[in-house]
Structure formats: C-alpha cells, structure tokens
Amino acid sequence: MTTHDTRPGSSGGADTPGPLHSGPDEDYTPEQLASMSREDLDRLGARYDGVEILHVDPAPEPGSRLERRAVRQVGLAFTLAGVFAFLFLVVYAGSGWFLPDWNWAQAGTTWSALFTPLLGLFMGLSLTMVGVGLVLYTKKLLPHETAVQDKHDGSHFDRVTTGATLVGGYHNSGLPRRKLITRSLGFMGAGVGIMLLAPLGGLIKNPNTGNPLGRTSWAEGVRLVRDDGSPIRPGDQEPGSLEKVFPAVPGGNLQSDAGTMLIRLRPEQVEMDRPREGQADFAYGDYVAYSLICTHAGCPVALYEQETSRLLCPCHQSQFDVTQGAKPVFGPATRSLPQLPITVDDEGFFVARSDYIEAVGPTYWNRERI
Amino acid sequence: MAATATLPGAPTSRLGKAATEFDDRMIVAGPVRRTLNKVFPDHWSFLLGEIALYCFVILLLSGTYLTFFFDATLTEVVYEGSYDPLRGTEMSAAYASTLDLSFDVRGGLFMRQLHHWAALLFVASIVVHLLRIFFTGAFRRPRENNWLIGVVMLVLALLMGVTGYTLPDDLLSGTGLRIISAILLSIPVIGTWLHFAIFNGDFVGTEIIGRFYIAHVLIFPAILLALIAVHLLVLVKQKHTQFAGPGRTEHNVVGNRLFPTFAAKATGLLFIVFGVCAALAGLAQINPVWLWGPYNPAQVSTFSQPDWYILFLDGSTRIFPAWDVNLPGDYTIPALFWPTVVVAGAMFTVLALYPMIERKLTGDTASHHLLQRPRDVPVRTSLGAMALTFYLVLAISGSNDVLADKFDLSLNAMIWVGRIGVIVLPAIAYVVTYRICLGLQQHDREVLEHGIETGVIRRLPNGEFIEVHQPLGPVDEHGHGQLAYGGAPVPKRMNQVGGSRRAIRGFFSPVEEPSAVELEQRGEGRGLSAADSDRQLTSSGRPSEGGRPSDGGRPQDPRD
C-alpha cells in the first residue's frame, strides 16, 4: 500500500478491498458450505461461536396424537387471546355507543362499576393467553436442545497490546512532558465542571431569611376560626371536646403550620393540668390551644382520647398528654406540642395573644436558636 | 460485494436476497448469529429479573399514557368533574386532573391502576431477584459491578415510587410528602437548606409537585433506563451464572440458545406479566384517591400507610425511641434523623458493599460462575435471613396500627414488640437458619452415603427391622456410597432416579403409546442411566465436580 497518492478524492493509498468477511471464509469455501445441510450449517455456526449442541430432544412426531393435541392447545390459546382482545375493544369502544355509558356521571349503574373490571379482565386474559400460547409452543412443539457455550477468559495479548496503544497515545501527545498543560487542564476541568453545575444554585434559598420555619400567621388579635371560617366563643364546646381551629386570615385553613387544636378540658383535667413553665397563662379558663402539627414528622395530631387526655399521631404513633403541657408520653416524638396563648376579644370571640413562641412542626438542626 | 449474490449456496428466495443485500451494507450477519446462538441457562429463578424488566416496560407505556392527562401543578381549582361527592371542592390541579383521569377519561382509571400495580410488582420483582442473587452467591467476582448497579436501580425504583406516590396530591400522598419534608429538615446542618432547595420554601409551597413530576417522568426513568442497559450489557458480556449440574462447569453455560427457545419463552413471560398486571389493574382496585380527598394539612386519615416498599422506613420511624441529640450551642440532631436517614443509609450501604465485605471476610477472590445452594454457605444464608427478618420486623411495625386495631392489641405493646423484635428476632433467625442449613447439608450427605429411602421395610433374621436404601452410585465394601457432594441437588425420592417410568402424557385420555414411552425411556436412559453421557460433559476431570451425584452409573441392587 502506498501513501503517496494525493489526488483529490483519493484515499491516499491503493484501492484494494480488505478481507471479505470476519468469518473463516478461507477454511470453508462457498462450494463446501453449499453442500452442507441446513442443520449442519447451523451447528457449524454455533460451534464457531463456541456453542456445542449436545443433545436434542426432538419435537413430537409430525402427525402424532401428541403433536395434534399440542397444536390444538396452542391454537386455542392464540384464538382465545384474539377473542378476548376483541371483547376488550367491544367494551372499550362500545360503551356509550351500543352498550350503556361507562361514565361515572351516571353513578350507581352496574355497568359503570363493571367497565374498568371488564377492561382489566379482557386485556389481562388476552395478554396472558398470548403468553400461555407461546409457552405451550415452546414446551410442547419445539425440540428441546441442550447447548453448551464456552466462556472465554481475558486474553493477555489483548491486554498488553491495548495497554501499549493507550500508553503510546498518551506519550505521543506529549502531555507527560508538558506539565503546564496538565496542570492548567486540571484547573480548567475543575472550573468548567463547577461552572456547569453552578446554575443549580438557582435552587438554593436561604431558610433563615424572615424565619419562615419559625413563624405562623398567628398574631395578637387574630381570631380562632373553624374550617368553615366561623369564629368561636367560650362555651361553644362541650367539656372534653376538641376543635380544629385556624387563624382568621385568607387561606388560613390550608396553611401547613397554622392548624391548632382548641381543647376544652373537663373539670378533673383542669385540676391535673400542669402547663409548661412560664406558659400557665396561655390557657383561657378551661380552654387550651396546642399546635395540631406533630413535633416528630409534621403530621396532624388529630386523634384525641378524652379518657386519658392523650393526643395520638396516626402516622408514627407519637402520644402527647394534654394535661402535661402536651408533653410526649410515648412514641418517637421528643418535644411537647407548642402551645398557643389565647384570650377573648371585646366581642367575646377567641383570639390569639401572639404567635407561637417556638417553631411549630418537626425538629431541625438550628431550631432552638431561633 | 455484488459477487456474493452469485456464490453457490447464496439465498435464492426474495427474502433471502433482501437479507443478503442488507448484510452487504450493514455487515450484521456475524453479530446476529452470535446473538442468536447465545446460550441461556434454564432455571425458574433466572426469570425474576426479567419480570422486573417487563414491569418497567409496562410502566413506561402506561406512564406515558398518563402524562397526556395529568397536570402537575398545585394551582387551586374548583372540581367540576363527574365524581359527585367532591364536586365544588377546592383542590389542586394535580388532584383534579387525577380525578378526571379516573372518571372522565375512557379507560383512564384502568391505566392508572395498571401503572400502580406494575410499580408494586416492579419493586417486588427487583427485591426477589436481589434475594435470588444474594442467596445463590451470584454477586461474587466478576459480578460485583452488576450487583452495585442493581442496588442503585433498587434505590431509584424506590425514589420513583415515592415521587409517583406523591403526584396525585391526595390526602394520603400529601401526608407522605409532609413526612418527606420532615425527614429532609431532620438532616443536621444542611437540612433546612436542602428542604428549601427542593421545596422552594417552607412546606408545602407551590413547586414541589412539578419538581417531583419531572424527577418521576424524566430524570429517574432516564437514569434507570441507562442503568438497565448497562446491567444487561454486563450480563451479556459476562454470561449467565448457572447452578451446578451435569456438564456444568465454571467455564461454560449449559442451556438453550436464544433462538428460538429462549426468545419464545421470554416473550411468553412478557405477555403473561403484562396480562397479570392488566387483570390486576381492572379487577383489584388500588389507591382510590377519590376516597381520600384532596390534601389538607390539617387532616390525616388513620391507617396512613405508604406503599409496601416504603413500609420498612415508616416502621423504623415508629419504633425508634425519642432520642434527640442536643449539642452545645443549641443545635439539635432530631430523633427523626436516625431511623430514616441513618438506618436507611446504613441498610443500603451494607447491601451495596456486601460483595466486597464477603470477599474480605472469606478471602475468596476467585471468579465464580457456578451458583451455590444456600445450604452450602450457611453463614451467608443466615446473614441474609437475619437481614430479611430485620426488614420484615420494620415492615410489620410500619402497619402496627392496623394490626393493633384489627386484632384488638395495644398499640403501645405493638411498638414495644417492634422495638424488642428488631433486636432479638434477627439473632434468632440467624441461629435457626444456620441449623437448618447444616441439617439440609447433613441430609444430602446421608443420602449420598446410605442411598435413598425406598419405604421398603425388611426384617432381618435377628428380628431387627430395617429400611432398604437405594444407593445412588457404586458402593465400597461396607455398602457406603462413594459419591462426593458436588453442589447440586441430591435426588431423594425413588422417582427422581428413575424408580418408575415417567407418566404417559394426556389429561383425560393418553396421547402417547405406553410402549413408545418405555422404548424412549430405554433409549434415552433418563435418571441414573444417563450417567455415561453426563460424565462426558464434565470437562473438569473431577467426576463429581459440577456433576450430579447420580453420575455414578446405573442403580445398584437395593441393599440393606
């Protein structure tokens, strides 16, 4: 091969084709291959791929009862698959056309309740039948062969020559000598890599600006309202009952940290009541208000057992004793539920005296510092 | 080359000629033949990973369908759809579009449930596949890299599950999201920053569903798809493992070629998995979000459980004691951090590193392609049982409120059962499993030495009753078998060694001639009589290595 040919469009060398095939065409002439049977060719190719067919359990005798039966079974499976597929289409397309409407607007009709189950049944049966047919075909009608394929270990020749190519390329690039380029490459890589990641900084938001985790919409004079927005007076509740209340601000009932439980204690509970230090005046008469949000994982603690004065979180079973300043008495929670200081305004409705004096909801790293 | 078309033996049919033309351009005949000839070993447990793969296909198809209708925004809308009980309710667009998908899209509910069922089955088949790999030692060198990829895929599948669970924005998923938010907040130092980066502010914010949506439909599936491709390529490159058996060595694979047997079977399995998912999707209702209602931070339902694969995390959260760590400077490590981040992190780290840990402890750095029977590696099997028990106690604790309610138990007692059980039961499981493994080993060796119990009782002249045993191979002068245990199942019933002929096929009436079956039996030499040909398969030179213990030859005469 010469490399002196420099005419435009030339490949720079003599134009002779390379070896025709990757297969061993030198060992097996076309005439030889043509004289072999299809089965022999199959085995020859397999052997060339390192696969030896050791043993073939032949398929059932053509025309035998075994074969006819298997063919019937496979045929039945495929036919059923088609039938069920059409039934699916009939239900899917026919509903609301020649079949009753599937829509739930007509709630209560048997058909609308059956629509989805029928879709599932027919599609499920159809697809399963395709699978069953294929498996039956494989098991009953295909010859079962036992083939052995050799595993090859890595070749030392390959490793050494590939290594030489890689290391050679590195050396030829001259990089080992050109220290300045290597070092600047490292610096460049670090810089460009970080630069490409930098836009993710758009996601970062300071959690401490304005203390969003430590504040709620409660403030002095904000009324306690029910979910429907109605304000509450003392005496609206039976002793021993609990009511969920929200700050009387727009969307207050959907705020994730403002939910509060207004509990009217029974007389004997009032006697037992031991509020947390410095929070004795947070209650109003026999009313106490505690945060609805569990201090463990933030779920609403809404299950109240009057008998034991216990609040239970249904997510992780933390339990709080209302007469002990909502102290956790069982389960994974560690902090008492924050208490909301309440009083009554001029018109006789409950209002908050201030926001919660501590952060509501789950604990976090610097919570005590806020 | 045009010349190829005229070579003798070149195809003459139209299809054949077209194939030749194609190969002229693409040169694919060689690789295609190599692929078709690839040998796959045959064992039911090798199909578990395939089931996971097919579930993923179903998830891609059904998930794509769902994206046509789902609106991943938290904009407040008033529901005006077909479902009466919620009409006029304020809810997020995400929840409203989920309701529309369920009630106003033809077949939409079916697709939603198909997606959910396929997801449950996806994770389940991954976990069972992982257990199969673990207990048979298929993760050993050279397959550690594929084990690692597998563990990453499992974590991704869980993340896919969690993000998908959150999308409908119903009451249950909202509660789950709140717990995710609390878990993020619980991470020391960076927790609040991480939370604000992901949620774009305090819980719940307005961005989170949109962000989870992109993660769920684009980022995680793309990574998962890439990893699946790598997982399978590595598998093809390294070839399959196989159980020990006749002719099976460390240097070969015995089974069926890809085409047609394996391909047909695998396609059959794909359709059956798809069919089962479709049937479940129609017949078994799952996650009826319209019953839970839209998310409201002040509400929660009892029996708030996540999907089964996250249950263990919920359980660990429930039973972990209330241990806040208060550091100087008023910093706190919340109790929630330990059971969710630390325990889960430790579980997955140990899982991911297990191949390296075992390699270190046993000093076994050799390449392995033959699988082990769990009984032959009692320590690993017992460790696995221990881990599984730990996991199950956590998962059961995740639903301890349901158990307490349904079985009239004390909830507090259930939590203590979990707390004590999670420490004590794994240890018990270890010991019990270890003994069982040794017992099973012992029995295999007994059968190899003394033969199979025939059920025939003989009375000796001295009046003693003994059971006649059928030796599996040649015996020495004391009547003891000489076969060594080769890591393959030992036949333990007469029929397994050809004690009787195989049943004649046919359900109501025979479809085979009894005489033909008898002939076939003689000709093929099933059971022990197949030994001669079996022996030739064993290239290792050691008669029992990788071979069935039955390699010894024809059944000997029954002896005492």
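Residues numbered from 1 in each chain as written. Chains lettered and ligands numbered in written order. Predicted model: local features only at pLDDT ≥ 70, side-chain atom pairs only at ≥ 80, totals over all residues. Heavy atoms only, no water.

Some details on the overall build of chain A
(1) Moving on: Within chain A, the regular secondary structure consists of seven helices and twelve strands.
(2) Moving on: Scaling as 2.2 N^0.38, a compact globule of 370 residues should have a C-alpha radius of gyration of about 21 Å, whereas chain A reaches 40 Å, well beyond that.
(3) Moving on: Along the first, second and third principal axes, the C-alpha atoms of chain A reach 110 × 80 × 45 Å.
(4) Moving on: Evaluated residue by residue, chain A yields a buried proportion of 39% over its 370 residues.
(5) Moving on: Look at the contacts in chain A between residues 6 or more apart in sequence, and 59% of them connect residues 24 or more apart. (Helix = DSSP H or I, 4+ residues; strand = E, 2+ residues; numbered from the N terminus. Rg over C-alpha atoms; globule rule 2.2 N^0.38 Å. Buried < 20%, exposed > 50% of the residue type's maximum accessible area, 1.4 Å probe, protein only. Contact = heavy atoms within 4.5 Å.)

Focus on the overall build of chain B
(1) Moving on: Looking only at helices and strands, chain B has 18 helices and eight strands in total.
(2) Moving on: Projected onto the principal axes, the alpha-carbon positions of chain B cover approximately 85 × 80 × 55 Å.
(3) Moving on: Burial analysis of chain B (560 residues in total) assigns 50% to the buried set.
(4) Moving on: Nonlocal contacts in chain B, meaning residues at least 24 apart in sequence, comprise 72% of its contacts between residues at least 6 apart.
(5) Moving on: Within chain B, the 47 negative side-chain charges are centred at a point lying 9 Å from the centre of the 44 positive side-chain charges. (Lys, Arg positive; Asp, Glu negative; His and termini not counted. Charge placed at Lys NZ, Arg CZ, Asp CG, Glu CD.)

Quick notes on the packing of aromatic side chains
(1) Moving on: Evaluated as defined, the whole model comprises 31 aromatic pairs over all chains.
(2) Moving on: Ring geometry for Phe88 of chain A versus Tyr92 of chain A: centroids 5.9 Å apart, planes at 10°, classification stacked. Taken together, the residues Phe88 of chain A and Tyr92 of chain A, both in helix α3 (residues 65–94) and four residues apart, mark about one turn of the helix.
(3) Moving on: A centroid spacing of 5.8 Å and a plane angle of 80° characterise the contact between Trp308 of chain B and Tyr309 of chain B, whose relative ring orientation is edge-to-face.
(4) Moving on: Its relative accessible area of 4% is what places Tyr309 of chain B among the buried residues.
(5) Moving on: Every member of this aromatic cluster is reached through a ring pair, and the members are Phe134, Phe135, Phe139, Trp147 and Tyr354 of chain B.
(6) Moving on: We note Arg106 of chain B situated over the ring of Tyr92 of chain A; from NZ or CZ to the ring centre the distance is 5.9 Å. (Phe/Tyr/Trp six-rings, centres within 6.5 Å; stacked < 30°, edge-to-face > 60°. Lys NZ or Arg CZ within 6 Å of the ring centre and 35° of its normal.)

Points about the state of the cysteines
(1) Moving on: Throughout the structure, instances matching the rule amount to zero disulfides over all chains.
(2) Moving on: As a non-bridged cysteine, Cys294 of chain A has Cys313 of chain A as the owner of its nearest cysteine sulfur, 4.3 Å distant. (Disulfide = S-S within 2.5 Å.)

Here we look at the packing of helix α13 (residues 337–362) of chain B against helix α14 (residues 378–397) of chain B
Residues and elements named next belong to chain B.
(1) Moving on: Contact geometry of α13 with α14 gives a least axis separation of 13 Å together with a crossing angle of 180°. With respect to each other, α13 and α14 are oriented roughly antiparallel. Taking contact as the criterion, the partners of Met347, Tyr354 and Glu358 in α13 are, on α14, Arg380, Leu383, Phe390, Tyr391 and Leu394. (Axes fitted to C-alpha atoms, helices over the stretch in contact; angles between N-to-C directions. Parallel < 35°, antiparallel > 145°, perpendicular 65-115°, else oblique.)

Quick notes on the interface of chain A and chain B
(1) Moving on: Between chain A and chain B, the contact holds 96 residues from the first and 108 residues from the second.
(2) Moving on: Where chain A abuts chain B, roughly 8700 Å² becomes buried across the two surfaces, and 63% of that area is made up of carbon and sulfur atoms.
(3) Moving on: For the pair chain A and chain B, the interface holds three salt bridges.
(4) Moving on: The salt bridge partner of Arg257 of chain B is Glu145 of chain A, with a shortest N-O separation of 2.9 Å.
(5) Moving on: Here chain A is connected to chain B by 24 residue pairs in polar contact (both at pLDDT 80 or more).
(6) Moving on: Among the elements of the structure, α1 (30–34), α2 (38–48), β1 (51–57), α3, α4 (110–141), β2 (144–150), β4 (242–247) and β8 (310–312) of chain A are those that each provide at least two residues to the side of chain A that touches chain B.
(7) Moving on: The greatest single-element share of the side of chain A that touches chain B, amounting to 16 residues, is contributed by α4 of chain A.
(8) Moving on: Among the residues making up the side of chain A that touches chain B, the classes are represented as 51 nonpolar, 27 polar and 18 charged.
(9) Moving on: Where β2 of chain A meets strand β4 (residues 252–257) of chain B, four bridges bridge the pair, whose relative direction is antiparallel. Bridging across to β4 of chain B, Asp150 of chain A finds its partner in Asn252 of chain B. (Buried area = accessible area lost by both parts, 1.4 Å probe. Salt bridge = Lys/Arg side-chain N within 4 Å of Asp/Glu carboxyl O. Polar contact = N/O pair within 3.5 Å; in protein donor to acceptor, adjacent residues only side chain to side chain. Nonpolar A, V, L, I, M, F, W, Y, C, P; charged D, E, K, R; others polar. Pairing = 2+ DSSP bridges.)

Structural notes on the pairing of strand β10 (residues 327–330) of chain A
Residue and element names in this part refer to chain A.
(1) Moving on: Sheet analysis places strand β9 (residues 319–321) next to β10, joined by three bridges and oriented antiparallel. Across the sheet, residue Asp321 finds its bridge partner in β10, namely Lys327.
(2) Moving on: With antiparallel pairing between neighbouring strands as the criterion, β9 and β10 make up a hairpin whose turn holds five residues, including Gly325 at a positive phi of roughly 70°.

Focus: the confidence of the model for chain A
(1) Moving on: Averaged over all residues, the pLDDT of chain A is 90; the fraction at 70 or higher stands at 93%.
(2) Moving on: Within chain A, α3 of chain A carries the highest mean pLDDT (96), whereas α1 of chain A carries the lowest (88). (pLDDT = per-residue confidence, 0-100.)

Quick notes on the nonpolar core
(1) Moving on: Counting 82 residues, the largest nonpolar core has Val91 of chain A together with Ile58, Phe110, Leu114, Phe122, Trp147 and Leu224 of chain B as the members making the most contacts within it.
(2) Moving on: A per-element tally of this core places helix α5 (residues 108–136) of chain B first, with 14 residues.
(3) Moving on: Leave out the neighbours within four places in its chain, and Leu224 of chain B touches Phe56, Phe122, Met153, Leu156 and Met160 of chain B.
(4) Moving on: Core analysis: the second largest hydrophobic core is formed by 41 residues, Ala333, Leu337 and Tyr356 of chain A together with Ile179 of chain B among them. (Core = buried A, V, L, I, M, F, W, Y, C linked by side-chain atoms within 4.5 Å.)

Brief notes about the pattern of salt bridges
(1) Moving on: Using the criterion set out here, one finds 26 salt bridges over all chains in the structure.
(2) Moving on: The closest approach of N and O atoms between Asp444 of chain B and Arg373 of chain B, which form a salt bridge, is 2.9 Å. Here the residue Asp444 of chain B occupies a position in helix α16 (residues 411–450), and Arg373 of chain B occupies one in the loop between α13 and α14, the gap between them amounting to 71 residues. Of the two residues examined, Asp444 of chain B and Arg373 of chain B, each falls in the buried class.
(3) Moving on: Close ionic contact of Lys492 of chain B with Asp444 of chain B constitutes a salt bridge, the shortest N to O distance being 2.7 Å. Of this pair, Lys492 of chain B sits in the loop between β8 (465–470) and α17 (514–524) while Asp444 of chain B sits in helix α16, and the two are 48 residues apart along the sequence.
(4) Moving on: By relative accessible area, Asp444 of chain B is classed as buried at 1%.
(5) Moving on: One connected set of salt bridges, linked through shared partners, spans Arg276, Glu358, Arg367 and Glu368 of chain A.

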